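# A closer look at the structure
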Amino acid sequence: MKLNGRRESTNVEDRRGMSRGAKAGMGGIAGIIFAVIITLMGGGNLGDALGTVVQQQLQGQLQEQPAGNQREFTEEEQAAAEFSKQILASLEEVWTAQFQQNGMRYEYPTMVLFTGSTSTACGTGSSAMGPFYCSGDQKLYLDLSFFASMSSQLGISISDKSSFAYAYVIAHEVGHHIEYLRGTLAKAHAKMNQLDKASANKISVKLELLADYYAGCWAHYEQQKYGSLTEQDLADAIDAAQKIGDDYLQKRSQGYASPDSFTHGTSQQRMYWLKKGFESGDWNTTTFDEGELD
Ligand SMILES: [Zn+2]
């Protein structure tokens, strides 16, 4: 993506290089929210889209940051942070305008950059989960080393250091924030709470595909205004969407896919919804309730 000179969002908490103890600890309220969310989700898995496989593959490789350790960031790390902040700024711009056109107000989410593990209103977040969104504090959590593991661990082809495939990851998490603002998350979680695991997983898949769709819609308006996406960018993102499909990941890790356990959708579905969002930009009429995302 060509983002030269674009604005960087300031709605960012940079906790990189901080030990978990260096950030304010989790109070009782956070603990309660955590318990509630775990119950609603029907399991202890806080991880998101890309979490599962990375968790399997990185286990044992990740180490907690030494307490109080502050270090210099490499040029590459700084570039990744800058890129992420520029993408977040674009997401703010696009979603503010889109919400306004529909008589709604877009509330900015905060992006937390961290290394190792960090406190969230949804419990302790760790790099092993992959990027995730916590509705308890309306923050998206991102360990930038995930970008490197996308190509090295998941085999996603990333053509350059500011690929749209990375932006897609951030836009997907902001997609969950849109779901939160529209009340979709709360509705879905209430429903999931009353269902057996297999049926609850189907709703989870819908939430993920909707987040992919919103990511595509954002890209539609980003492209319309700035023309920042290249053909290669689109190919990279489609490749990423394909390689984080549940069927692809399960086949990769266990040799077969079991659809009842899918929580994010198949490769085919993820590619389809990302593309559809990008082509139409029509975020407001495609809703979770229409049953269109089956
Ligand atoms: Zn997700």
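Nothing here was measured: the structure is a model prediction, and the numbers come from that model.

What counts as what
Residues numbered from 1 in each chain as written. Predicted model: local features only at pLDDT ≥ 70, side-chain atom pairs only at ≥ 80, totals over all residues. Heavy atoms only, no water. Helix = DSSP H or I, 4+ residues; strand = E, 2+ residues; numbered from the N terminus. Buried < 20%, exposed > 50% of the residue type's maximum accessible area, 1.4 Å probe, protein only. Areas by Shrake-Rupley, 256 points an atom, 1.4 Å probe, with all protein chains shown as cover. Pairing = 2+ DSSP bridges. Axes fitted to C-alpha atoms, helices over the stretch in contact; angles between N-to-C directions. Contact = heavy atoms within 4.5 Å. Disulfide = S-S within 2.5 Å.

### Points about the overall build of the protein
For the protein, the helix and strand inventory stands at 10 helices and six strands. In the protein, which comprises 294 residues, the proportion classed as buried is 50%. When the accessible surface of the protein is split by element, carbon and sulfur atoms take 50% of a total near 13000 Å².

### Quick look at the sheet that holds strand β2 (residues 110–114)
On the basis of which strands lie adjacent, the open sheet formed by four strands has the order β1-β2-β6-β5 and mixed pairing. Since the sheet does not close on itself, it has two edges, and those belong to β1 (12–15) and β5 (132–134), each with one partner. Shown here is a sheet whose adjacent strand axes are inclined to one another by a mean of 20°, direction ignored. Sheet analysis places β2 next to strand β6 (residues 139–142), joined by four bridges and oriented parallel. Its bridge partner being in β6, L113 is matched across the sheet by L142.

### Details of the side chain of H177
Mapped onto the elements of the fold, H177 is located in helix α5 (residues 164–181). Those residues in contact with H177, other than ones at most four positions away along the chain, are Y106, E107, Y108, P109, Y133 and Q138.

### Observations regarding the pairing of strand β3 (residues 117–120)
Here β3 shows no split at all, with S117 and S119 on one side and T118 and T120 on the other all buried. In terms of strand pairing, β3 meets strand β4 (residues 123–126) through four bridges, oriented antiparallel. Of the residues in β4, the one forming a bridge with S117 is S126.

### Looking at the state of the cysteines
With the rule as written, the count across this model stands at one disulfide. Covalent S-S linkage joins C122 and C134, the inter-sulfur distance amounting to 1.9 Å. Measuring handedness by torsion sign, the sulfur bridge of C122 and C134 sits at about 90° and is right-handed. Taken as a pair, C122 in the loop between β3 and β4 and C134 in strand β5 lie far apart in primary sequence, 12 residues in all. We note that C122, like C134, is buried.

Honestly, that's just the spatial picture; any functional story needs more than this.
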